[in-house]
Amino acid sequence: MHRSIMNLDFDRIIEHLKGYACTSLGREAIDEIEILTDRETIEHLLDETEEALRLLYQIGELPFGGITDIRPHVKRAAMGGMLDAHELLAVSHFLYGIRQMKQYIEMAISHQIALGHIKPYIDSLYPITHLKQAIERAIDEDGTIRDDASDTLRRIRQQIRTIEGRIREQLQSIIQSRRDVLTDAIVTIRNDRFVVPVRADYKNRFPGIVHDQSQSGNTVYIEPQVVVESNNQLNRLFNEEKQEIERILRALSAEVAKVSDTLLSNVEIVKTLDFIYAKAKYARKLDAIRPKVNEKGIIKIYQGRHPLIDSSHVVANDIFLGEKYQAMVITGPNTGGKTVTLKTVGLFTLMMQAGLLIPAKEPTELAIFQNVFSDIGDEQSIEQNLSTFSSHMTNIVHIINSLTDNSLVLFDELGAGTDPKEGAAL
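Here the residue index of a chain counts from 1 through its sequence in written order. Two thresholds apply to this predicted model, a pLDDT of at least 70 for residue-level local features and 80 or more for giving and counting side-chain atom pairs, whereas whole-chain, interface and lining totals are computed over all residues. Calculation of side-chain values draws on the structure's entire complement of heavy atoms; hydrogens and water are dropped beforehand.

K.L.:
Looking at this model, I keep getting lost on the overall build of the protein. Mind explaining?
P.N.:
Helix and strand definitions here come from DSSP, where helices need a minimum of 4 consecutive H or I residues and strands a minimum of 2 consecutive E residues; each element is numbered from the N-terminal end. Each helix and strand counted, the protein has 14 helices and 10 strands in total. Taken over the C-alpha trace, the protein has a radius of gyration of 34 Å; the compact-globule value for 426 residues is 22 Å, which it surpasses by more than 25%. Over its C-alpha atoms, taken along the principal directions, the protein stretches across nearly 105 × 55 × 40 Å. Burial analysis of the protein (426 residues in total) assigns 46% to the buried set. By the convention used here, residues are in contact when the closest approach between their heavy atoms is within 4.5 Å. Put simply, of all contacts in the protein between residues at least 6 apart along the chain, 70% involve residues at least 24 apart. In short, Shrake-Rupley with a 1.4 Å probe defines the accessible areas, and a residue's cover is counted only from the protein chains shown. Carbon and sulfur atoms make up 48% of the accessible area of the protein, which totals about 21800 Å². The quantity called the radius of gyration is restricted to C-alpha atoms. Its globule counterpart is 2.2 Å times the number of residues to the power 0.38. When accessible area is computed with a 1.4 Å probe and restricted to protein chains, residues below 20% of their type maximum are described as buried, those above 50% as exposed, and intermediate ones as partly exposed.

K.L.:
For this particular structure, what's the right way to read the pairing of strand β9 (residues 371–375)?
P.N.:
Looking along a regular strand, one sees the side chains alternate between the two faces of the sheet. With 4 of 5 residues buried, β9 lies mostly within the body of the structure. In this description, strands pair whenever DSSP reports at least two bridges between them. Strand direction decides the pairing type here: β9 and strand β10 (residues 407–411), joined by 5 bridges, are parallel. Looking at β10, one finds that S374 is bridged to L410.

K.L.:
Any chance you could explain the sheet that holds strand β8 (residues 361–367) here in plain terms?
P.N.:
Either a parallel or an antiparallel arrangement is found when strands of a sheet pair, and the pairing is made through backbone hydrogen bonds. The strand order β5-β8-β6-β7 describes an open sheet built from 4 strands, whose pairing is mixed. Taken across any chain shown, the strands that pair with only one partner, and hence form the sheet edges, are β5 (292–294) and β7 (317–321). On average, each strand axis in the sheet is tilted by 20° relative to the strand beside it, whichever way the strands run. Here strand β6 (residues 299–304) pairs with β8 via 2 bridges, running antiparallel. If you follow K300 over to β8, its bridge partner there is E365. Every axis corresponds to a line fitted to the C-alpha atoms, with the helix fit spanning only the stretch in contact, and the corresponding angles, defined between N-to-C directions, vary from 0 to 180 degrees. Contacts between helix α12 (residues 338–353) and the sheet are confined to β5, β6, β7 and β8, with β8 contributing the most and set at about 80° to the helix.

K.L.:
Before we go on, may I ask you to explain the pattern of salt bridges in this structure?
P.N.:
Opposite charge on two side chains makes pairing possible when the charged atoms of those side chains draw close. Only one rule defines a salt bridge in this text: a Lys or Arg side-chain nitrogen within 4 Å of an Asp or Glu carboxyl oxygen. Per the stated rule, a full pass over the model turns up 34 salt bridges. The partner of R290 in a salt bridge is E43, with the nearest N and O atoms 2.5 Å apart. Residue R290 is found in the loop between α11 (260–286) and β5, and its partner E43 is found in helix α4 (residues 39–59); the two are separated by 247 residues along the sequence. Overall, R290 belongs to the buried group, its relative accessible area being 17%. Look at E43 and you get buried, because its relative accessible area is 19%. When salt bridges with common partners are traced through the structure, they connect E28, E32, D69, R71, E268 and K271 into a single cluster.

K.L.:
How should I be thinking about the packing of α4 against helix α6 (residues 85–110) in this particular structure?
P.N.:
Interaxial distance between α4 and α6 falls to 11 Å at its minimum, and their mutual angle equals 80°. Our classification of the angle between α4 and α6 gives roughly perpendicular. Contacts between α4 and α6 involve L55, L56 and I59 from the former and Y104, M107 and A108 from the latter. When grouped by side-chain class, the residues that make up the contact of α4 with α6 number 6 nonpolar, no polar and no charged. Note on angle classes: values under 35 degrees are labelled roughly parallel, values over 145 roughly antiparallel, values of 65 to 115 roughly perpendicular, and the remainder oblique. Following the grouping adopted for this structure description, the nonpolar residues are Ala, Val, Leu, Ile, Met, Phe, Trp, Tyr, Cys and Pro, the charged ones are Asp, Glu, Lys and Arg, and the polar ones are all others, Gly among them.

K.L.:
Could you clarify how one ought to interpret the environment of E295 in this entry?
P.N.:
On the secondary structure map, E295 appears in the loop between β5 and β6. Beyond its immediate chain neighbours, meaning those up to four positions away, E295 contacts R39 and I368.

K.L.:
Can you help me understand the nonpolar core in this one?
P.N.:
Most often, soluble globular proteins keep nonpolar side chains buried together rather than apart. As used here, the term nonpolar core means buried Ala, Val, Leu, Ile, Met, Phe, Trp, Tyr and Cys residues forming a set that is joined through side-chain atoms within 4.5 Å. Core analysis: the largest hydrophobic core is formed by 98 residues, its most contacted members being F10, I139 and L263. When residues of this core are assigned to their parent elements, the largest contribution, 13 residues, is made by α11. When near neighbours in sequence (up to four residues on either side) are disregarded, I139 contacts A85, L88, L89, T144, I145, R146, L249 and L252. In terms of nonpolar packing, the next biggest core, distinct from the first, is built from 19 residues, I160, I175, V181 and L182 among them.

K.L.:
Please clarify how the packing of α4 against α11 should be interpreted in this entry.
P.N.:
Axes are the key here: two packed helices are described by the angle between their axes and the distance separating the axes. As a packed pair, α4 and α11 sit with axes 8 Å apart at the nearest point and diverge in direction by 65°. On the basis of their axis angle, the class for α4 and α11 is roughly perpendicular. Relative to α11, the crossing made by α4 is right-handed. Between α4 and α11, the residues in contact are L45, E48, T49, A52, L53, L55, L56 and Y57 and I276, Y277, K279, A280, K281, A283 and R284, respectively. Split into classes, the residues belonging to the contact of α4 with α11 amount to 10 nonpolar, 1 polar and 4 charged. Should the near helix be turned anticlockwise from the far one by less than a right angle, the crossing is termed left-handed; should it be turned clockwise, right-handed.

Take it as geometry only, folks, not as evidence of what the structure does.
Pasting the structure below:
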């Protein structure tokens, strides 16, 4: 970010704005914010933010429940990759979020709210209902593949339950009859095999396969010979289950791939909507208004309040420039608000040119400037071995060399950082 913009604390506005985004997508859009100079684009962005603010007041916030950044999943599916259950659920939840947005705009229409800007975005969203339903039919909310995801999976799991039941019955019988050689009357699992805990000194007199030993060495976990074949059969079924689950996930991933372009388009629209509503929510917090816009260099601020100062302490100002006067000099005592006033003018201009509403009263009017330059604060350039004063002079020379007819220039204490006599002469 350019030094002049940093001097005006626009980066802090950006950080505040991020706090009003609902998703990482919205925060990404805020990071990509631009200071624009095209009037038509600026007016359009201001119109969008103003409409979203009106919707906030009338029917509440646009719902973003279920919305996450699914782009990595969609792109991997489009390349032929297999998504896991949770990634597919993220796609389903995203589509649920789109459905909620559709209902939001339907509610706005039922309230007869004028919708010239937000509705086209939401109309462009495609809920892809068949994909959402296919994922929901196959995967539970906890990421478990449902038994009825396929007939094959249902059959395999029924067989698994039958065999597991048989093994447990056999092992319970062993536990009851051989309780004297066991360290505990439980059935447990080691290496994906059902086993029983046998006292170590009896391991050679207990027919079966040893799979593990306790840390103390007092217990060995033995798979009784009578259940070896059933355990083998169970493991074969587990492998079949794993293969069937992978087949189901691959099939669903292929469905995602088929509509990847539509999904990615949806993501970009949602990203824009979160950005717009973040600006609207920030405007609501600031009690901001949509300024009039001109290209004549005219600034008319009514009761403008610096957006980064607490509303209970900020002093509102009226500032007029560009008609009778092309330049303004502000003088007064320390802590009199001179720097704050300068920054307010600069920040308002940057905010407006980024599509943000302004904490002021109507009929505030702001000008679009090709450049906004500022020299504010006591900064030294350590890398260039410049004093505070030299650093200011270097910046001012850069500003003068970069000036255009349509530039806003803000200087704070031109003589700062040098001898009072030299500063006075300057």
